[in-house]
Amino acid sequence: HAADTFRTDLMTITRHVLNEQSRHPESRGDLTILLSHIVLGCKFVASAVNKAGLAKLTGLAGETNVQGEEQKKLDVLSNEVFVNALVSSGRTCVLVSEEDEKATFVDPKLRGKYCVCFDPLDGSSNIDCGVSIGTIFGIYMIKNQDTVTLEEVLQPGKDMIAAGYCMYGSSCTLVLSTGNGVNGFTLDPSLGEFIMTHPDIKIPPKGKIYSVNEGNAKNWDTPTAKYVEKCKYPTDGSSPKSLRYIGSMVADVHRTLLYGGIFLYPADKKSPSGKLRVMYEVFPMSFLMEEAGGQSFTGKGRSLDLIPTDIHERSPIFLGSS
Ligand code: P6P
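The residue count restarts for each chain, going from 1 along the sequence in the order it is written. Reporting in this predicted model follows two pLDDT cut-offs: at least 70 for local features of residues, and 80 or more for side-chain atom pairs to be given and counted; totals over whole chains, interfaces and linings ignore these cut-offs and use all residues. For side-chain calculations, the full set of non-hydrogen atoms in the structure is used, while hydrogens and water are omitted.

- The name that an unreviewed UniProt entry assigns to the protein chain is Fructose-1,6-bisphosphatase, cytosolic, with the source organism given as Aegilops tauschii subsp. strangulata.
- UniProt positions are given in the numbering used here, feature names are shortened, and annotations may be inferred rather than shown by experiment. Checking UniProt for the protein chain, the heading Sequence similarities (unreviewed entry) contains the comment "Belongs to the FBPase class 1 family."

Here's what the structure looks like:
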């Protein structure tokens, strides 16, 4: 056997995506090219996030984004990186970003058949204290790239063909599904490659963790309050669940995916539609959860069945073990 220190048959994300492509003989490789550009964006942001503390990139950029939140320089930088990577891939025709009020319609000369909805740096309020943050993305196919309209972008999440997130924390982990299960990859900075470290992720069917911002308890509606109460004071003789809440969706969902349990951001009196955004937070995370054998609801139905009417629409979300 070759020495264990040097595995010589590395499954990189590029190789994995090519393997997936070979399952679709009719494919021209457009998704493979698109994903390779998203991976490049993640590597760039990982490098910037790692340097942020030193390079004082975490200071406020002075501008505020469509959410009315103060934009940190890393937000601005990450958004520009992903917009440039996605446009230059030549495989996208429309982009929806958490940072941009309007959808970006790509120059017709550079268009491809995909729509990408993304949050370039979710949880960015946590940057300064070193809590893990992340990029979240979802990919749709567009029927006619030359005449694409906003109506075509507002599709239910179940029409997505791929989704993923990249978590920038103690290590840089990219979790991806192209509709055939979920796989996790960890960036090896010495190679600049994402290596498969979590093949075929399945969420544990039973979880001992619930993840919610208990600080909103005063404003919850009765069903939510009742559900959380049951987590803390189970009536079926099981032991109480543990509370784990990081306040960064990518980190909370990643832990839920690997350890099981439930993550919820319910509606409350302050935010009647909850806080999380449908197109680039709820849909991609729900797509991944279902691909990993979990589930995701809005409180009114299956999250992926929701038909958005606005690109920055919010929805309550309850996702995790089935
Ligand atoms: P709260 C971060 O700002 C974010 O958008 C998600 O990443 C996270 O899950 C949520 O908001 C946390 O919100 O109200 O609990 O601070």
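Once you've had a look at it, read on.
1. Describing a positive patch on the surface
Thinking step 1. Here, patches come from residues exposed beyond 30% relative accessible area and free of salt bridges, joined within 9 Å for like charges and within 5 Å for nonpolar side chains (Val, Leu, Ile, Met, Phe, Trp, Tyr). Areas reported as accessible are Shrake-Rupley estimates using a 1.4 Å probe. Residue values count occlusion only from the protein chains shown. Here, a salt bridge means any side-chain nitrogen of Lys or Arg that lies within 4 Å of a carboxyl oxygen of Asp or Glu. Charged residues are defined narrowly, with Lys and Arg counted positive, Asp and Glu counted negative, and His plus the chain ends left uncounted. To locate a charge, take NZ of a lysine, CZ of an arginine, CG of an aspartate or CD of a glutamate. Together, K218, K269, K270, K275 and R314 make up a positively charged patch on the protein surface.
Thinking step 2. A 1.4 Å probe rolled over the protein chains alone gives each residue an accessible area, and that area as a share of the maximum for its type sets the label: buried under 20%, exposed over 50%, partly exposed in between. On the basis of relative accessibility, which here comes to 61%, the residue K270 falls in the exposed class.

2. Things to note about helix 7 (residues 278-291)
Thinking step 1. Of all 14 residues that make up helix 7, 12 are buried, and the element is covered over most of its length.
Thinking step 2. The helix count covers DSSP runs of H or I at least four residues long, the strand count covers runs of E at least two residues long, and both are numbered beginning at the N terminus. Taken together, the buried positions of helix 7 are occupied by V278, M279, Y280, E281, V282, F283, P284, M285, S286, F287, L288 and M289.
Thinking step 3. Looking one or two places after helix 7, you find G293, whose phi comes out positive at around 85 degrees.

3. Examining the site of the ligand
Thinking step 1. We call a residue near a given molecule or strand whenever any one of its heavy atoms falls within 4 Å of it. Within the structure, the ligand sits among D122, G123, S125, N213, Y245, G247, S248, M249, Y265, K275, L276 and E281.
Thinking step 2. Y245 is positioned such that a nitrogen or oxygen atom in its side chain is 2.6 Å from an oxygen atom of the ligand.
Thinking step 3. Between Y265 and the ligand, the recorded distance is 2.6 Å, taken from a side-chain N or O atom to an oxygen atom.
Thinking step 4. Contact with the protein chains removes 80% of the 400 Å² of surface that the ligand exposes when unbound.
Thinking step 5. By the convention adopted, Pro, Cys, Tyr, Trp, Phe, Met, Ile, Leu, Val and Ala count as nonpolar, Lys, Arg, Asp and Glu as charged, and the other residues, Gly among them, as polar. Considered class by class, the residues forming the shell around the ligand number 4 nonpolar, 5 polar and 3 charged. Any pair of N or O atoms that falls within 3.5 Å is considered a polar contact. Within protein, one atom must be able to donate a hydrogen and the other to accept it, and sequence-neighbouring residues count only if both atoms are side-chain atoms.

4. Description of the side chain of N219
Thinking step 1. Within the secondary structure, N219 sits in the loop between strand 11 (209-211) and helix 5 (222-232).
Thinking step 2. Residue classification places N219 among the buried residues on the basis of a relative accessible area of 15%.
Thinking step 3. The criterion used for residue contact is that any of the two residues' heavy atoms lie within 4.5 Å. Other than its neighbours up to four places away in sequence, N219 contacts D268, K269 and K270.

5. Details of the packing of aromatic side chains
Thinking step 1. Each pair of aromatic rings taken from Phe, Tyr and Trp, with Trp reduced to its six-membered ring, is defined by centres within 6.5 Å and is described as stacked if the planes are under 30 degrees apart, edge-to-face if over 60, and tilted in the remaining cases. On inspection of all chains with the given rule, the structure shows 1 aromatic pair.
Thinking step 2. Ring centres 6.1 Å apart and planes at 50 degrees place the aromatic pair F82 and F118 in the tilted group. One end of the pair, F82, is in helix 3 (residues 73-88); the other, F118, is in strand 5 (residues 114-122), and 36 residues separate them in sequence.
Thinking step 3. Assessed through its relative accessible area of 3%, F82 is described here as buried.
Thinking step 4. You can call F118 buried: its relative accessible area is 1%.

6. Quick notes on the sheet that holds strand 12 (residues 242-243)
Thinking step 1. Read across the open sheet, the 5 strands follow the order 12-11-13-15-14; overall the sheet is mixed. Since the sheet does not close on itself, it has two edges, and those belong to strand 12 and strand 14 (295-297), each with one partner.
Thinking step 2. Bridge analysis of strand 13 (residues 262-265) against strand 15 (residues 317-320) gives 4 bridges, and the strand direction is antiparallel. Looking at the pairing, F263 lines up with L319 of strand 15.
Thinking step 3. Axes here refer to lines fitted to C-alpha atoms; in helices the fit is confined to the stretch in contact. Angles between the N-to-C directions go from 0 to 180 degrees. Running at roughly 150 degrees to strand 13, helix 6 (residues 249-259) makes contact with strand 11, strand 13 and strand 15 of the sheet. Following DSSP output, two strands are said to pair if at least two bridges run between them.

7. Considerations on the environment of T309
Thinking step 1. Along the chain, the position of T309 falls in the loop between strand 14 and strand 15.
Thinking step 2. A relative accessible area of 66% places T309 in the exposed class.
Thinking step 3. For the pair T309 and D200, spaced 109 residues apart in sequence, the C-alpha to C-alpha distance is 33 Å.

8. A word on the packing of helix 6 against helix 7
Thinking step 1. Running from amino to carboxyl end, helix 6 crosses helix 7 at an angle of 15 degrees, the nearest separation of the two axes being 11 Å. Taken as axis vectors, helix 6 and helix 7 run roughly parallel relative to one another. For the pair helix 6 and helix 7, the crossing hand works out as right-handed. Residues M249, V250, V253, T256 and L257 of helix 6 form the contact with helix 7, whose participating residues are E281, M285 and M289.
Thinking step 2. Partitioning the contact of helix 6 with helix 7 into residue classes produces 6 nonpolar, 1 polar and 1 charged. Note that the term roughly parallel is reserved for angles under 35 degrees, roughly antiparallel for angles over 145, roughly perpendicular for angles of 65 to 115, and oblique for everything else. Left-handed describes a crossing in which the near helix is turned anticlockwise from the far one by less than a right angle; the clockwise case is right-handed.

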